[in-house]
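Fold and geometry: a report
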Amino acid sequence: MRISVEQIRRKYLRHDKKFPHVWCPGCGNGIVMGALLRAIDGLSLPKDEVVLASGIGCSGRMPTYLDFNTLHTTHGRALTFATGIKLAKPSLNVIAIMGDGDASAIGGNHFIHAARRNLNLTAIIINNSIYGMTGGQYSPTTPFGSKSTTSVHGHIEQAFSIAELAVTSGAGFVARSTVYHAELMAHLIEMAIEKVGFSVVEVISNCHVQYGRRNQLGGAVEMLQSYKDNAVTVKRATSLTEEELEGKITIGVLADREMPISTEEYEKVRQRAKERGGNVGC
Amino acid sequence: MTRELLTGNGAAALGAKLAGIEYLPAFPITPQTEVIETLSKWIEEGSMDCKMVTMESEHSMVTAAGAAAATGVRTFTATSSQGLLYAAEMLHTVTGWRVPFVLVNVSRGLASPITLEPDHNDIMALRDAGFVQIHCSTCQEVLDSMILAYRLSEDAGVRLPVIVNYDGFYLSFTREPVEVPNQEYVDRFLPPFPTNQPRFSADHPMSQGVAVLGGSAYSYFKYQTHLALLNAGLIYKQITNEFQILFSRSYDPVELYKLKDAEYAFLMIGSFSCKGKEAVDQLRAAGWKIGLVRPRLTRPFPMDELRKSLAPLKGVAVIDQNLSLGMGGVLHQETAAALYPLITRPILAAFVGGLGGRDISAEEFYSMAETIREAVKTGETPPQRLLYTEKENTDMQQLQRIAGTHTTSP
């Protein structure tokens, strides 16, 4: 039976220490947090064997609220902290929580290289198209023409497509959801955690306060409604033309493939060196 | 001249506008963001002719600033805390390029633990980078320092970037009445970016950042940069004199407050010195002969001014809002180093306070004054002290109990 909200609160939240949270009413971050917890609960992962690492920004607060091994790090570095943990303790389930600014601007280099290396990590990227916490400046995922505090007349740069970037960078598993599709999101996160290899779940989320308001997208309800209206499954997307896909959000699994995994290949090198009588200290 | 109510961030932005900046590489970070947001608004409105790009990190932002300045363009950028440290590699690099530009740093404590609130660990960590460092205590000073900073930075005898530093929250978001100088007067004080100095140009190609192995050329250029920074101290005095004539506001390298007949003094930088001055007034009303010494420049370090002003005193309480872990407060170390050659010098008491935005109360100023008077009486230098109350300690232990961790008394 699926875990209830009250059970989640008691089992996984630092409800007596870290609340109230800092997120605005209607923020998508809470939906992502709920989906993550249902996924972890669905997999019956012991809390002591889960590590959450986050960067800076609204999403960076998430691990603070959760009762796992948690690390709130510096801007853009969630994945590098996660890499260190995973290499030192490969048995742990390491999940990096990032925002679009974290993962594709200041930490963009770490992101593509973690994917290329195909380290056995899970990366959840909440993409709300804006730097929300610092007041609504454009980020690398702000769409062309959109308004932000630093693009009052419309943004003149093109946006990254995070999931597609992960696919071309070599990640083993890549999926996308929106915060409207909470059930799907929990399922995709479950798959991502289970997958051996670098797994990315991009979640399109609403920052109605900083992004929605400036672009006449309405409040949280209207933005979620638009995700409902504009989402197309990966399967359906294959039958649509490029023009028809304009403005749509492709959701589902974009890549699920077997590639060499960094930690496993490293272990093989160690074994080979050992067989040759090399000095393998640790 | 007009009077406006401006935040520290607003004053910095207006200073940049009056200075006629032409290029602004930017990256948001609390509590600096309002500076770039304000400038962005003016650029979008068309009231400023400046090019602005939001970069992907502070590292690339400072790189772009240094490179733009090398082409002979008046450049401005701003950051804070983690951003300043993330750019550290480039901060050291661009001073070696000897390029003039201005960087605002809105001081904020460093992770970890993570904080958004102010102290001076960020700026002190960059004290060896080769930037001139100007520390402000009011919003007026922020605006004026911006204009002074460009003039100083672009002087042929300096040609180094300048950091204008002020405290996050306490100054960045506090509105104060600020006298805004007329553009005409600013232009008179700050001529256009000099065209007769080395810079990238198509008809006179030159190289920057050349590798020099062997040590000889490296030593020469590093020491040249050091000498230029020392020279900036002399130039600073000349240009502040000029500034005073034009704008009737004086900005000595070290501000001396009620020091004339003083026997004791507080020594500190930044906006908390306003609290220090208030404490001085109260203590004087109670009969104390006490004043306050506030270095505005920390790089170049105002050795001569400090020796001259501190030598006649009996005791000085140095208040550091930074902590060089494993040693103590940076201002205390550097003040002690400045005073060491003197035969008669005051006793120094070292205090560390105001870390991560913690307040320094009036009672704590009185207690520090008491400590230094006692030290003068006994002739014994007191041990370094963290400003921390009994109640704070009890509260922390309570929090640690909730967190389920062991408590240890400091």
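Residues numbered from 1 in each chain as written. Chains lettered and ligands numbered in written order. Predicted model: local features only at pLDDT ≥ 70, side-chain atom pairs only at ≥ 80, totals over all residues. Heavy atoms only, no water.

1. Details of a nonpolar patch on the surface
All names here are of chain B. This is how it is decided: Every patch collects residues that have over 30% relative accessible area and no salt bridge, joining them within 9 Å if they carry like charges and within 5 Å if they are nonpolar side chains (Val, Leu, Ile, Met, Phe, Trp, Tyr). Under the convention used here, a 1.4 Å probe and the Shrake-Rupley method define accessible areas, while residue burial counts only the protein chains that appear. For this document, the term salt bridge refers to a Lys or Arg side-chain nitrogen within 4 Å of an Asp or Glu carboxyl oxygen. Runs of E in the DSSP output that reach at least two residues are strands. Runs of H or I that reach at least four are helices, and both are numbered from the N terminus.
On the surface, a cluster of nonpolar side chains totalling about 450 Å² of accessible area is made up of Leu386, Tyr388, Met396, Leu399 and Ile402. At three residues, the largest contribution of residues to the nonpolar patch is made by helix α14 (residues 390–403). With respect to the helices and strands, the residue Leu399 is situated in helix α14.

2. A short note on the layout of surface pockets
Any space left empty among the atoms is revealed by the rolling of a water-sized probe across them. Selection criterion: Detection works on a 1 Å grid of protein atoms alone, calling trapped sets that fit a 1.4 Å probe cavities and calling open sets with protein on both sides within 12 Å along at least five of seven lines pockets, with lining residues defined by an atom within 4 Å of a point. Grid points are joined across faces, edges and corners, and a volume is the space filled by probe spheres set on the points. Classes in brief: Ala, Val, Leu, Ile, Met, Phe, Trp, Tyr, Cys and Pro nonpolar; Asp, Glu, Lys and Arg charged; the others, Gly included, polar.
Volume-wise, the largest pocket comes out at about 1400 Å³. Lining the largest pocket are 50 residues, and of these Ile56(A), Arg61(A), His72(A), Thr73(A) and Ile114(B) sit closest to its centre. Listing elements by their share of the lining of the largest pocket, those giving two or more residues are β2 (69–72) and α4 (100–106) of chain A together with α4 (81–86) and α14 of chain B. Taken together, the residues that form the lining of the largest pocket break down as 22 nonpolar, 19 polar and nine charged. Of the volumes computed, that of the second largest pocket is approximately 1000 Å³.

3. Examining the interface of chain A and chain B
For the record, the criterion: The contact criterion used throughout is that any non-hydrogen atoms of two residues lie within 4.5 Å. As used here, buried area is the combined drop in accessible area, with a 1.4 Å probe, of two parts when they are placed together. Side-chain atoms alone can form a polar contact between residues adjacent in sequence; in general such a contact is a pair of N or O atoms within 3.5 Å, and within protein one must be able to donate a hydrogen while the other accepts it.
On the chain B side, the residues contacting the 20 residues of chain A number 19 residues. Counting the surface lost from both chain A and chain B, the interface buries some 1500 Å², and carbon and sulfur atoms represent 60% of this. Considering only the surface of chain A that becomes buried against chain B, Ile106(A), Thr134(A) and Thr150(A) emerge as the three largest contributors, covering 27% of it. Inspection of the region where chain A meets chain B yields zero salt bridges. The interface formed by chain A and chain B holds seven residue pairs in polar contact (both at pLDDT 80 or more) in total. In terms of residue class, the side of chain A that touches chain B is built from six nonpolar, eleven polar and three charged.

4. A look at the packing of aromatic side chains
Residues and elements named next belong to chain B. Stated precisely, the cut-off is as follows: Any two of the Phe, Tyr and Trp rings considered here, Trp counted by its six-membered ring, make a pair once their centres fall within 6.5 Å; the pair's planes then place it as stacked at under 30 degrees, edge-to-face at over 60, or tilted in between. Exposure classes here rest on a 1.4 Å probe applied to the protein chains alone. A residue is buried below 20% of its type maximum, exposed above 50%, and partly exposed in between. For a lysine, the NZ atom is tested; for an arginine, the CZ atom; a charge sits over a ring if that atom is within 6 Å of the ring centre and within 35 degrees of the ring normal.
On inspection of all chains with the given rule, the structure shows 16 aromatic pairs over all chains. Both rings, one in Phe266 and one in Phe365, keep their centres 5.2 Å apart while their planes meet at 75 degrees; by these two values the pair is edge-to-face. With Phe266 in strand β10 (residues 264–267) and Phe365 in helix α13 (residues 362–378), this residue pair connects regions lying 99 residues apart in the sequence. In this structure, Phe266 and Phe365 share a single accessibility class: buried. Three or more aromatic residues joined by ring pairs make a cluster, and in this case those are Tyr185, Phe189, Phe243, Phe247 and Tyr251. In this structure, Arg188 is placed above the aromatic ring of Tyr185, and the distance from its NZ or CZ to the ring centre is 4.7 Å. Seen from the ring of Trp288, Arg373 lies directly overhead, with NZ or CZ sitting 4.0 Å from the centre.

5. Here we look at the sheet that holds strand β4 (residues 76–79) of chain B
Residues and elements named next belong to chain B. To keep it simple, the criterion reads: Here, any two strands with at least 2 DSSP bridges between them count as paired. To obtain each axis, a line is fitted to C-alpha atoms, and for helices this fit is confined to the stretch in contact; angles are then taken between N-to-C directions over 0 to 180 degrees.
With respect to topology, five strands assemble into an open sheet ordered β4-β5-β7-β6-β12, the strand pairing being mixed. Edge positions in the sheet fall to β4 and β12 (297–299), since each has one partner strand and no second. Averaged over neighbouring strand pairs, the angle between their axes works out to 25 degrees when direction is ignored. The pairing of strand β6 (residues 132–135) with β12 spans two bridges and is classified as antiparallel.

6. Focus: helix α11 (residues 303–310) of chain B
Because an α-helix completes one turn every 3.6 residues, residues spaced three or four positions apart along the sequence face the same direction. Residue and element names in this part refer to chain B. The cut-off we apply is this: The reported arc concerns the directions from the helix axis to the C-beta atoms and nothing else.
Every buried residue of α11 is accounted for by Leu306, Ser309 and Leu310. Along α11, the residues classed as buried sweep out an arc of 85 degrees about the axis, all on the same side. Of the exposed residues in α11, those oriented more than 90 degrees away from the buried face are Asp304 and Lys308. Residues of α11 that are buried sit in contact with β9 (254–257), β10, β11 (290–295), β13 (315–320) and α12 (330–339).

7. Section: the sheet that holds strand β3 (residues 93–99) of chain A
Residues and elements named next belong to chain A. Reading across from one edge, β2-β1-β3-β4-β6-β5-β8-β7 is the order of the eight strands in this open sheet, with mixed pairing throughout. Edge positions in the open sheet fall to β2 and β7 (231–233), since each of these has one partner strand only. For this sheet the average axis-to-axis angle between neighbouring strands, irrespective of direction, equals 20 degrees. Across five bridges, β3 lies against strand β4 (residues 122–127) in parallel orientation. Bridge pairing links Gly99 to Ile126 in β4. Each of β1 (50–54), β3, β4 and β6 (199–204) touches helix α2 (residues 29–42); the most contacted strand, β4, lies at about 160 degrees to it.

8. Notes on the domain arrangement of chain B
Residue and element names in this part refer to chain B. Let me state the cut-off plainly: Note: domain ranges come from an automatic or database domain assignment.
Domains assigned within chain B are domain 1 (2–247) and domain 2 (255–394). Computed from C-alpha coordinates alone, the two centres of domain 1 and domain 2 are separated by 28 Å. Taken together, the contacts link 29 residues of domain 1 with 27 residues of domain 2. For the domain 1 and domain 2 pair, buried surface summed over both sides reaches about 2300 Å², with 52% attributable to carbon and sulfur atoms. Linking domain 1 with domain 2 are five salt bridges, by the criterion used here. In this structure, Asp128 and Arg299 form a salt bridge, with 3.9 Å as the shortest nitrogen-oxygen distance. The interface formed by domain 1 and domain 2 includes 18 residue pairs in polar contact (both at pLDDT 80 or more).

9. Topic: the pairing of strand β14 (residues 347–352) of chain B
Residue and element names in this part refer to chain B. Of all six residues in β14, six are buried, a share of seventy percent or more. The side-chain alternation of β14 yields two buried faces, one formed by Ile347, Ala349 and Phe351 and the other by Leu348, Ala350 and Val352. The sheet contact formed by β13 and β14 spans six bridges and is parallel. The residue of β14 that forms the bridge with Asp320 is Val352. The sheet contact formed by β14 and strand β15 (residues 385–386) spans two bridges and is parallel. Bridge pairing in β15 places Phe351 opposite Arg385.

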